[in-house]
Amino acid sequence: MGAELIIFDACEAAALDDGRIQLLRRSLGDQRCREILAEVVFHLTDRLTLLNAALDAGDGAEAGVLASRLAGLAEQVGLSKFARVARSLRDCLRAEDPVAVSAVAARLGRLAEDSLRGVMRHADPEAI
């Protein structure tokens, strides 16, 4: 009797709305747009770290607030898929479903890497 090996991808492809970034660039100018995008990447990274700490500590209320903030930041720069998953995490936290929280938090983590890389390509292509 053999076992079946299932391999999961370590990352998930992001959905970045380039139109949103182009709108920011037209509204703010190239340099200011790059600064804003770099700042958003910093804040997303910071909030993700705080979110993971809150989840590890079992602080569902704080994790829910952070998930909502992540969703709002992500929407501002066109990361609609990331924002949707962050809102799903917030909803799972509100429902107090630990299995769903774990699954959705893992998905958010997989999605984060490609999402942040996509935004940074617009903010500072040489940083990647």
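This text goes with the structure placed above it.
Residues numbered from 1 in each chain as written. Predicted model: local features only at pLDDT ≥ 70, side-chain atom pairs only at ≥ 80, totals over all residues. Heavy atoms only, no water.

## Focus: the overall build of the protein
Link 1 in the chain: Along the backbone of the protein there are 5 helices and 0 strands.
Link 2 in the chain: Within the protein, the fraction of its 128 residues that count as buried is 37%.
Link 3 in the chain: Counted over contacts in the protein with a minimum sequence separation of 6, partners at least 24 positions apart contribute 62%.
Link 4 in the chain: Summing over all exposed atoms, the protein offers an accessible surface of approximately 7,600 Å²; the carbon and sulfur share of this is 54%. (Helix = DSSP H or I, 4+ residues; strand = E, 2+ residues; numbered from the N terminus. Buried < 20%, exposed > 50% of the residue type's maximum accessible area, 1.4 Å probe, protein only. Contact = heavy atoms within 4.5 Å. Areas by Shrake-Rupley, 256 points an atom, 1.4 Å probe, with all protein chains shown as cover.)

## Points about helix α3 (residues 60-76)
Link 1 in the chain: With 17 residues, α3 ought to run about 24 Å at 1.5 Å a step, and its terminal C-alpha atoms sit 25 Å apart, in line with that.
Link 2 in the chain: Those residues of α3 that fall on the buried side of the exposure criterion are A63, G64, L66, A67, L70, A71, L73 and A74.
Link 3 in the chain: Buried positions along α3 lie against α2 (30-57), α4 (80-94) and α5 (98-123).
Link 4 in the chain: Following α3 by one or two positions, G78 adopts a phi angle in the positive range, close to 90°. (Expected span 1.5 Å × (residues − 1).)

## With respect to the pattern of salt bridges
Link 1 in the chain: All told, the structure shown has 8 salt bridges when counted by the stated rule.
Link 2 in the chain: In this structure, the salt-bridge partner of D30 is R25, at a minimum N-O distance of 2.7 Å.
Link 3 in the chain: Two residues, R47 and D46, come together in a salt bridge whose shortest N-O distance is 4.0 Å.
Link 4 in the chain: A single network of salt bridges, built from pairs that share partners, joins R25, D30 and R34. (Salt bridge = Lys/Arg side-chain N within 4 Å of Asp/Glu carboxyl O.)

## Looking at α2
Link 1 in the chain: Taking 1.5 Å per residue as the helical rise, α2 with its 28 residues ought to reach 40 Å, and the 41 Å between its terminal C-alpha atoms agrees with that figure.
Link 2 in the chain: Of the residues making up α2, those classed as buried are C33, L37, V40, V41, L44, R47, L48, L51 and A54.
Link 3 in the chain: Tucked into the core, α2 has its buried residues touching α1 (18-28), α3, α4 and α5.

## A closer look at the packing of α2 against α3
Axes are the key here: two packed helices are described by the angle between their axes and the distance separating the axes.
Link 1 in the chain: Interhelical geometry of α2 versus α3 gives an angle of 160° and a closest axis separation of 9 Å. When the axes of α2 and α3 are compared, the pair comes out roughly antiparallel. Here α2 and α3 pass one another in a crossing that is left-handed. Counted together, V40, H43, L44, R47, L48, L50, L51, A54 and L55 of α2 and E62, A63, L66, A67, R69, L70, L73 and A74 of α3 form the full contact between these two elements.
Link 2 in the chain: Broken down by class, the residue content of the contact of α2 with α3 amounts to 13 nonpolar, 1 polar and 3 charged. (Axes fitted to C-alpha atoms, helices over the stretch in contact; angles between N-to-C directions. Parallel < 35°, antiparallel > 145°, perpendicular 65-115°, else oblique. Left-handed = near helix turned anticlockwise from the far one by under 90°. Nonpolar A, V, L, I, M, F, W, Y, C, P; charged D, E, K, R; others polar.)

## Thoughts on the nonpolar core
Link 1 in the chain: In this structure, L37, L44, L70, F82, L89 and L108 are the most contacted members of the largest nonpolar core, which totals 36 residues.
Link 2 in the chain: At the level of elements, α1, α2, α3, α4 and α5 are the ones that each hand at least two residues to this core.
Link 3 in the chain: The leading source of residues in this core is α5, at 10 residues.
Link 4 in the chain: Look past the residues within four positions of L108 in its chain and what remains in contact with it is L48, L51, L70, F82, V85, A86 and L89. (Core = buried A, V, L, I, M, F, W, Y, C linked by side-chain atoms within 4.5 Å.)

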